[in-house]
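Summary of structural features
What follows is the residue order along each chain.
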Amino acid sequence: MALTNALYPFANLQIQAAINSYGVSAIAGNSAAGSLEGIFNSIPNSFSTTSAVFIGQNMGAKQNQRARQSMNQCLAIGCVIGVVLGVSIYLTGDFWLSLYLPDDPMGVVYGRIRMLFVLLFNSVSCAKGVYASALQNCGYIPFTTLCSIVGIFGFRMFWMWCVYPHFSNFHMLMSCFLVSWTLVLIANMVGYYKLCRKKLQ
């Protein structure tokens, strides 16, 4: 898990360099949207952490059915909150971004693009975290680490080297986050249903 977290800055290095190439407004808008994500995404993402605690405690107590129920409840609540918050903050995005960028309308435009691909779909990040927690508690930590390394680090490098140069716009740049999250979510879901589900019955 430490290795996975350490690789995130390296995976985002090329993305940040590309953001910088769009100028000061893009940097400001991206930073403002990122700050809003840190505030509002902490709520649904906390259910990923919560799921790890409840799944682990119940499995330790040999209450595997309760562990599965805990996972399903964290998944449902976290995703619902993620969708509600994401949609609400995106629809009122001009207001929130103008608090950070009162004199930079272009910065607001760039911030809205990031919100469209990152904050609006934070439920995807929450879901991948919950499935990863289940896999880790079932003893498949190397699997989740590999999924993150390939899906986040590897895929984002591939995206920036092979996809983005052919479609060089800010929308394509920001969509890298959502696509990489989705790939990891799919891998974690497949891993959970193939490896873990029987253990949590």
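This text follows the structure it describes.
The notes below deal with the structure included here. Since this is a predicted model, take the numbers as computed values, not measurements. (Residues numbered from 1 in each chain as written. Predicted model: local features only at pLDDT ≥ 70, side-chain atom pairs only at ≥ 80, totals over all residues. Heavy atoms only, no water.)

**Some details on the overall build of the protein chain**
Let me state the cut-off plainly: Where helices and strands are cited, they refer to DSSP runs of H or I of at least four residues and of E of at least two residues respectively, numbered from the N terminus. Throughout, radius of gyration means the C-alpha value; the globule benchmark is 2.2 Å times the number of residues raised to the power 0.38. Buried means the residue's accessible area, taken with a 1.4 Å probe over protein chains only, is under 20% of the maximum for its type, while exposed means over 50%, and partly exposed covers the values in between. By definition, residues are in contact when any of their heavy atoms lie within 4.5 Å.
Assigned secondary structure in the protein chain consists of nine helices and zero strands. Its helices and strands taken in sequence order, the protein chain reads α-α-α-α-α-α-α-α-α from the N to the C terminus. Expected size for 201 residues packed as a compact globule is a radius of gyration near 17 Å; at 18 Å, the protein chain falls within 12% of this value. Principal axes of the C-alpha set define a box for the protein chain whose edges measure 55 × 35 × 25 Å. Relative to its full complement of 201 residues, the protein chain shows a buried share of 46%. A separation of at least 24 residues holds for 81% of the contacts in the protein chain among residues at least 6 apart in sequence.

**A word on the packing of helix α7 (residues 122-137) against helix α8 (residues 141-163)**
Two quantities define a packed helix pair, namely the angle between the helix axes and the distance between the axes. Our working rule: To get an axis, fit a line to the C-alpha atoms, keeping to the stretch in contact for a helix; angles then go from 0 to 180 degrees between the N-to-C directions.
Contact pair α7 / α8: the axes reach a minimum separation of 7 Å and the direction vectors enclose 145°. Residues Ala 132, Leu 135 and Gln 136 of α7 form the contact with α8, whose own contacting residues are Ile 141, Phe 143 and Thr 144.

**Some words on the side chain of Ser 133**
Here Ser 133 shows up in helix α7. Under the relative-accessibility criterion, Ser 133 is labelled buried at 6%. Those residues within four positions of Ser 133 in sequence are excluded, and the remaining contacts are Ser 48, Ser 51, Ala 52 and Ile 55.

**Section: the nonpolar core**
Applied cut-off: Residues grouped as a nonpolar core are buried Ala, Val, Leu, Ile, Met, Phe, Trp, Tyr and Cys residues, joined through side-chain atoms within 4.5 Å.
One finds Phe 170, Leu 173 and Met 174 to be the most contacted residues of the largest nonpolar core, which totals 43 residues. Looking at this core, the elements with two or more residues in it are α1 (2-20), α3 (42-60), α4 (64-91), α6 (105-119), α7, α8 and α9 (170-196). With eleven residues, the top contributor of residues to this core is α9. Excluding anything up to four places from it in sequence, Phe 170 contacts Ile 19, Tyr 22, Ala 26, Tyr 110 and Ile 113. Membership of the second largest hydrophobic core comes to twelve residues, among which are Ile 89, Leu 101, Leu 119 and Leu 120.

**Description of the packing of α3 against α4**
For the record, the criterion: Any angle from 65 to 115 degrees is called roughly perpendicular, while one under 35 is roughly parallel, one over 145 is roughly antiparallel, and all others are oblique. Under the scheme applied here, ten amino acids are nonpolar (Ala, Val, Leu, Ile, Met, Phe, Trp, Tyr, Cys and Pro), four are charged (Asp, Glu, Lys and Arg), and all others, including Gly, are polar.
Between α3 and α4, the least distance of the axes is 8 Å, while the angle of their chain directions is 180°. Here α3 is positioned roughly antiparallel relative to α4, judged by the angle of their axes. Contacts from Ile 43, Pro 44, Phe 47, Thr 50, Ser 51, Phe 54, Ile 55, Asn 58 and Met 59 of α3 reach α4 at Asn 64, Arg 66, Ala 67, Ser 70, Met 71, Cys 74, Ile 77, Gly 78, Ile 81, Gly 82 and Leu 85. Looking at the contact of α3 with α4, its residues break down into twelve nonpolar, seven polar and one charged.

**Concerning the packing of aromatic side chains**
Operational definition: When two rings of Phe, Tyr or Trp (its six-membered ring) have centres within 6.5 Å they constitute a pair, described as stacked for plane angles under 30 degrees, edge-to-face for angles over 60, and tilted for the intermediate range. Comment: the charge-over-ring label is applied if NZ (Lys) or CZ (Arg) is within 6 Å of the ring centre and within 35 degrees of the ring normal.
If you walk through the whole model with that rule in mind, you get ten aromatic pairs. Seen in terms of ring centroids, Phe 40 and Trp 96 are 5.2 Å apart; in terms of plane orientation they differ by 70°. Their pairing is edge-to-face. Placement of the pair is Phe 40 in helix α2 (residues 24-40) and Trp 96 in helix α5 (residues 93-100), with a sequence separation of 56 residues. For the ring pair Tyr 131 and Tyr 193, a centre distance of 6.3 Å and an interplane angle of 50° mean the geometry is tilted. Of the two residues, Tyr 131 sits in helix α7 while Tyr 193 sits in helix α9, which places them 62 residues apart along the sequence. Exposure remark for Tyr 193: the relative accessible area of 41% places this residue in the partly exposed category. Through a chain of ring-to-ring contacts, three or more aromatic side chains come together here, namely Tyr 22, Tyr 110 and Phe 170. Here the basic side chain of Arg 112 rests over the ring of Tyr 90, its NZ or CZ set 4.4 Å away from the ring centre.

**Some points on the environment of Ser 31**
When you line up the elements, Ser 31 lands in helix α2. Linking Ser 31 and Leu 97, residues 66 residues apart in sequence, is a C-alpha distance of 10.0 Å.

**Structural notes on the pattern of salt bridges**
Convention followed: Counted as salt bridges are all cases of a side-chain nitrogen of Lys or Arg within 4 Å of a carboxyl oxygen of Asp or Glu.
Evaluated as defined, the whole model comprises two salt bridges. Between Arg 114 and Glu 37 there is a salt bridge; the shortest N-O distance is 2.8 Å. With Arg 114 in helix α6 and Glu 37 in helix α2, the pair connects residues that are 77 residues apart, well separated along the chain. Judged by its relative accessible area of 11%, Arg 114 is buried. As a salt-bridge pair, Asp 94 and Arg 112 come within 3.6 Å of each other at their nearest N and O atoms. Placement of the pair is Asp 94 in helix α5 and Arg 112 in helix α6, with a sequence separation of 18 residues. Exposure remark for Asp 94: the relative accessible area of 46% places this residue in the partly exposed category.

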